[in-house]
Amino acid sequence: MAGPSIFSRIVAGEIPCHRIYETDHVLAFLDINPLAEGHALVIPKRPVERLDELTPDEAAELGRAVREVAVRVMRVVGAPAYNVLQNNGSLAGQEVPHVHFHIIPRREGDGLGYRWRPQKVAPEVLAALAARIAGT
Ligand code: AMP
């Protein structure tokens, strides 16, 4: 069985981090290999792999912390824009199996970005899917 993730070891204080924000249930620290100045990670202290495994209250507290950390990071680095990124599952690019939100300041010409491949889908297909997800 896999042991505690690197982020659980940071929460436990076994591994150092550059801490920027903390509450009873949330910790935020600078990414060790930042994509930009101020690249930060916001995590729940409880070791949960994916966003949907959090309780609604945990998710709410984490969401408040993501906003708060974004405000603080952006105030300090002064970038004009930022991305909030959150990967669930290795197929989605998640490397550390402990929920984390990336806050990534963005600047003109920084060379970062995604490869979006939009698909054309008929409106009735979208409508049927939306109804299933909405449960109507
Ligand atoms: P993800 O691919 O979404 O799982 O992102 C994992 C992130 O964790 C990467 O951006 C890593 O640079 C970052 N990371 C891994 N180990 C550490 C660490 N010890 N301290 C801070 N950030 C870390």
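Values in this document were obtained by computation on a predicted structure and should not be read as measured data.

Visitor: Explain the nonpolar core residue by residue, including any values.
Guide: The biggest cluster of nonpolar side chains holds 19 residues, and the ones touching the most others in it are Val42, Leu62, Val69, Val73 and Ile103. Mapped by element, the contributors of at least two residues to this core are strand 2 (26–30), strand 3 (40–44), helix 2 (56–77) and strand 5 (101–106). Apart from residues lying up to four places away in sequence, Val69 is in contact with Ile20, Tyr21, Ala28, Ala40, Val42 and Ile103.

Visitor: Report on the site of the ligand, specifying residues and quantitative values.
Guide: In the vicinity of the ligand lie 16 residues, with Asp31, Gly93, Glu95, His100 and His102 positioned nearest. Between the ligand and Val96, the relevant distance is 2.9 Å, taken from an oxygen atom to a main-chain nitrogen or oxygen of the residue. In this structure, His102 approaches the ligand through a side-chain N or O atom, which is 2.8 Å from an oxygen atom. Across the complex, the protein chains shield 85% of the 500 Å² of accessible surface that the ligand would expose by itself. The cavity that encloses the ligand is the largest pocket. For the shell around the ligand, the element with the most residues is helix 1 (residues 6–11), which contributes three residues.

Visitor: Please set out the sheet that holds strand 3 residue by residue, giving values where relevant.
Guide: A sheet is described by the order of its strands in space; here five strands give the open sequence 1-2-3-5-4, paired in antiparallel fashion. If you trace the sheet from one side to the other, it starts and ends with strand 1 (19–22) and strand 4 (81–85), each paired once. Along the sheet, successive strands turn relative to each other by an average axial angle of 20°, direction set aside. Here strand 3 runs beside strand 5; their pairing, made up of three bridges, is antiparallel. Bridge pairing in strand 5 links Ala40 to Ile103.

Visitor: Please provide a residue-by-residue account of the layout of surface pockets, values included.
Guide: The space that makes up the largest pocket amounts to roughly 420 Å³. As for the largest pocket, its lining consists of 18 residues, of which Phe7, Asp31, Ile32, Leu41 and Val96 are closest to the centre. Its residues assigned to classes, the lining of the largest pocket shows 11 nonpolar, five polar and two charged. If you add up the space inside the second largest pocket, you get close to 170 Å³. Forming the walls of the second largest pocket are Tyr114, Arg115, Trp116 and Arg117.

Visitor: How would you sum up a nonpolar patch on the surface? Please name residues and give values.
Guide: Taken together, Val121, Val125 and Leu126 make up a surface patch of nonpolar side chains, about 240 Å² in accessible area. With respect to the secondary-structure elements, Leu126 resides in helix 3 (residues 123–134). Classification of Leu126 by relative accessible area gives partly exposed; the value is 47%.

Thresholds, definitions, all that
- Residues numbered from 1 in each chain as written.
- Predicted model: local features only at pLDDT ≥ 70, side-chain atom pairs only at ≥ 80, totals over all residues.
- Heavy atoms only, no water.
- Core = buried A, V, L, I, M, F, W, Y, C linked by side-chain atoms within 4.5 Å.
- Buried < 20%, exposed > 50% of the residue type's maximum accessible area, 1.4 Å probe, protein only.
- Helix = DSSP H or I, 4+ residues; strand = E, 2+ residues; numbered from the N terminus.
- Contact = heavy atoms within 4.5 Å.
- Near = heavy atom within 4 Å.
- Polar contact = N/O pair within 3.5 Å; in protein donor to acceptor, adjacent residues only side chain to side chain.
- Areas by Shrake-Rupley, 256 points an atom, 1.4 Å probe, with all protein chains shown as cover.
- 1 Å grid on protein atoms, 1.4 Å probe; cavity = no way out; pocket = protein on both sides within 12 Å on 5 of 7 lines; lining within 4 Å.
- Sits in = over half its atoms within 2 Å of the grid points.
- Pairing = 2+ DSSP bridges.
- Axes fitted to C-alpha atoms, helices over the stretch in contact; angles between N-to-C directions.
- Points joined across faces, edges and corners; volume = space filled by probe spheres on them.
- Nonpolar A, V, L, I, M, F, W, Y, C, P; charged D, E, K, R; others polar.
- Patch = residues over 30% accessible without salt bridge, like charges linked within 9 Å, V, L, I, M, F, W, Y side chains within 5 Å.
- Salt bridge = Lys/Arg side-chain N within 4 Å of Asp/Glu carboxyl O.

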